[in-house]
Amino acid sequence: MAGVDLGPLLLTLRLAAITTLLLLLLGTPLAWWLAHTRSRWKAPIEALTALPLVLPPTVIGFYLLVLLNPTAPLGAWWVQLTGQTLTFSFSGLVVASLIYSLPFTVQPLQAAFEIVGRRPLEAAATLRASPLDAFFSVASPLALRGYVTAAVLSFAHTIGEFGVVLMVGGNIPGRTQLISIQIYEQVETLRYEQAHVLSAGLMLFSFAVLLVVYTVNRRVPRPAG
Amino acid sequence: MARLVLRLDLRRAGFELAVDEVLELEGISALFGPSGCGKTTLLRALAGLEPQVRGRIVLDDEVWLGPPLRAPLPAHRRGVGLVFQDARLFDHLGVEGNLRYAERRARGADGPAIAWDEVLRALDLQPLLARRPASLSGGERQRVAIGRTLLARPRLLLMDEPLAALDAQRKAEILPYVERLPATFGVPVLYVTHDMAEVARLAQRLVLMDRGRVLAQGPLDAVLEALDGPEFEALEPGVVLPAQVLGIDAAWGLLHLQVAGGEWVVPAPPRAPAPGSALRLRVRARDVSLATVRPSGLSVRNVLPGTLLALRERGAMADALVDIGGARLRARLTRHAAAELALAPGAPVFALVKGVALEAGA
């Protein structure tokens with residue numbers, strides 16, 4: 001495939017992998033809390049978590065620019081820490097993707113934890129398992145389907161993002177030029193043939209991903225109440 | 001024998017649990033009462049699964065709730081086993097995985113010595129080891145759940161209506177396993193049920209609950225003989241007597257039983273127990289009549305001479321407690337009949353037993 005630059009593709013895959021990994025780590029405690037809390041903060045936090053689903057990407061991108069630019073406290077702190085800016089850098093893209101894809105991790109995990117419920121955890125406690133032990137030995141395996149769904153959706157959604165990453169990262173080849181941005185550029189410059197190759201590739205990939213999700217959801221037995 | 005100090009206070013919308021008792025737990029103690037009376041909540045509080053409960057829980061010398069503890073001892077550190085009504089096996093593990101889960105976590109923990117092989121044998125679990133929980137019948141699930149709980153080597157075994165979800169036949173399959181638990185493993189059992197037949201079959205001791213309170217507790221016979229007051233009416237006053245099978249009269253389909261000092265004749269059940277085997281009989285007060293002379297020309301087969309011990313009158317009814325040579329029966333008659341027969345403590349009477357419920361095992 002002469003003329004196809006693989007750089008953006010690899011960068012996109014790297015971004016999606018790192019984002020997914022971090023989201024699973026950060027999203028698990030949040031989803032666990034949402035699934036089990038009776039706090040009055042539950043609804044506001046749930047709404048906040050779901051915001052990226054409904055907001056235009058430009059709104060998220062705009063606020064991220066405001067927060068992450070080197071003159072803002074967070075952006076300045078990052079410059080001090082690493083010597084690089086968060087805006088127009090790969091790190092900034094990771095931060096943006098974490099926020100943008102958060103609901104795609106938290107919602108499947110929360111649903112999975114809610115289906116598992118307290119019953120198996122109570123059983124584990126009466127069998128001398130500490131809460132942490134019970135989380136890893138009972139809740140996580142029973143919520144496996146939720147983890148697979150969360151990982152696949154977060155990964156795919158990160159690959160598909162455009163508006164937020166364009167605003168936060170720009171279009172710097174090798175640093176922030178992702179595959180969706182590359183397609184946009186190819187269309188803008190009327191290189192339809194290359195845009196076709198990448199777009200068809202993304203389509204196939206997304207279809208395959210969703211196929212995996214739906215197949216897994218059908219095959220793994222639901223934990224019995 | 002374990003000693004359980006129990007002072008519990010729990011208030012919820014429309015429900016209040018208020019218990020202040022010292023329970024002597026030996027063998028199987030039945031916690032009995034109508035649905036919604038707080039039995040399950042009491043059990044869950046004991047297991048450490050009701051964080052809102054206030055009060056004091058001490059098992060022998062170990063404090064689980066109350067001073068000097070600042071916070072309740074968490075469930076996983078109490079060393080108390082709980083068999084849930086719905087078994088709650090872990091579906092991501094096989095039967096052996098479920099059993100190993102408990103066994104591994106009990107290594108090095110305080111608790112009675114309960115061995116893997118012993119549990120497998122007592123509950124007949126070997127044939128189930130390779131199965132998945134989803135493929136087990138209801139009765140098999142409960143056997144695995146009981147085995148799993150035992151392998152956690154609990155100091156106290158709590159069972160929350162473990163047979164309530166099973167049909168009569170499955171129940172009959174599991175009861176013998178349950179009944180042998182305390183003797184085999186040396187663990188006292190607190191067994192929640194609202195089925196008087198299960199109490200009659202299994203219990204050595206009885207704790208009666210109603211509307212969040214303990215009404216009476218103690219050895220089974222003592223509690224059953226003492227039951228008094230309108231709140232006990234739902235519990236069908238009566239007694240439970242040990243019996244031994246003397247023989248079977250196949251021609252008439254009858255079972256001859258040795259009960260206390262006398263011989264009783266009752267209809268044999270479909271699968272009659274073998275001669276020599278032990279049984280428990282539940283005799284309801286309403287199935288016992290009294291006579292002051294031995295009646296003749298009577299269809300009732302079991303007529304037992306005895307002595308009236310006590311008579312408690314309430315409204316139109318009178319409850320009599322009768323000694324029949326080592327065992328005691330309760331009889332329910334009208335106050336009018338008691339007056340006409342001039343029944344008074346010490347009077348010789350004949351107890352006419354119209355029907356009994358057989359409970360296998362003793």
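Details of the structure are given in the entry above.
Bear in mind the structure is a predicted one, so any value in this text is a computation, not a measurement. (Residues numbered from 1 in each chain as written. Chains lettered and ligands numbered in written order. Predicted model: local features only at pLDDT ≥ 70, side-chain atom pairs only at ≥ 80, totals over all residues. Heavy atoms only, no water.)

A. Seen up close, the pattern of salt bridges. Residues and elements named next belong to chain B. Going through the model one piece at a time under the given rule, you end up with 24 salt bridges over all chains. Of the charged contacts, one joins E103 and R100 as a salt bridge, the two residues approaching to 3.3 Å between their closest N and O atoms. With E103 and R100 both in helix α2 (residues 95-106), this residue pair falls three residues apart, about one helical turn. For E103, a relative accessible area of 16% corresponds to the buried category. Residue class for R100 comes out partly exposed when judged on its relative accessible area of 25%. E140 is the salt-bridge partner of R131, the closest N and O atoms lying 3.4 Å from each other. (Salt bridge = Lys/Arg side-chain N within 4 Å of Asp/Glu carboxyl O. Helix = DSSP H or I, 4+ residues; strand = E, 2+ residues; numbered from the N terminus. Buried < 20%, exposed > 50% of the residue type's maximum accessible area, 1.4 Å probe, protein only.)

B. Main features of the sheet that holds strand β18 (residues 328-334) of chain B. Residues and elements named next belong to chain B. The strand order β15-β19-β16-β17-β18 describes an open sheet built from five strands, whose pairing is antiparallel. The open sheet has two free edges, formed respectively by β15 (288-291) and β18, since each of these has just one partner strand. The average angle at which neighbouring strand axes cross in this sheet is 45°, direction not considered. Taken together, the seven bridges between strand β16 (residues 302-314) and strand β17 (residues 317-323) define a ladder with antiparallel strand orientation. Residue pairing across strands places E313 opposite A318, the latter belonging to β17. (Pairing = 2+ DSSP bridges. Axes fitted to C-alpha atoms, helices over the stretch in contact; angles between N-to-C directions.)

C. Highlighting the side chain of D319 of chain B. Residues and elements named next belong to chain B. Checked against the element boundaries, D319 lands in strand β17. Given a relative accessible area of 7%, D319 falls into the buried group. A distance of 2.4 Å separates polar atoms of two side chains, one belonging to D319 and the other to R330. Residues in contact with D319, not counting those within four places in the same chain, are P237, A310, L311, R312, R330, A331 and R332. (Polar contact = N/O pair within 3.5 Å; in protein donor to acceptor, adjacent residues only side chain to side chain. Contact = heavy atoms within 4.5 Å.)

D. The interface of chain A and chain B, seen in detail. With 21 residues of chain A at the contact, the number on the chain B side is 28 residues. Around 1,900 Å² of area is buried between chain A and chain B when both sides are counted, 57% of it from carbon and sulfur atoms. Of all residues in chain A, the largest losses of buried area upon contact with chain B belong to T126, L127 and R128 of chain A, amounting jointly to 44% of the total for that side. One can count four salt bridges joining chain A with chain B. Close ionic contact of R88 of chain B with E122 of chain A constitutes a salt bridge, the shortest N to O distance being 2.8 Å. Taken together, the links from chain A to chain B amount to ten residue pairs in polar contact (both at pLDDT 80 or more). Those elements that place two or more of their residues in the side of chain A that touches chain B are α6 (119-126) and α7 (131-142) of chain A. Per-class residue counts for the side of chain A that touches chain B are 13 nonpolar, three polar and five charged. (Buried area = accessible area lost by both parts, 1.4 Å probe. Nonpolar A, V, L, I, M, F, W, Y, C, P; charged D, E, K, R; others polar.)

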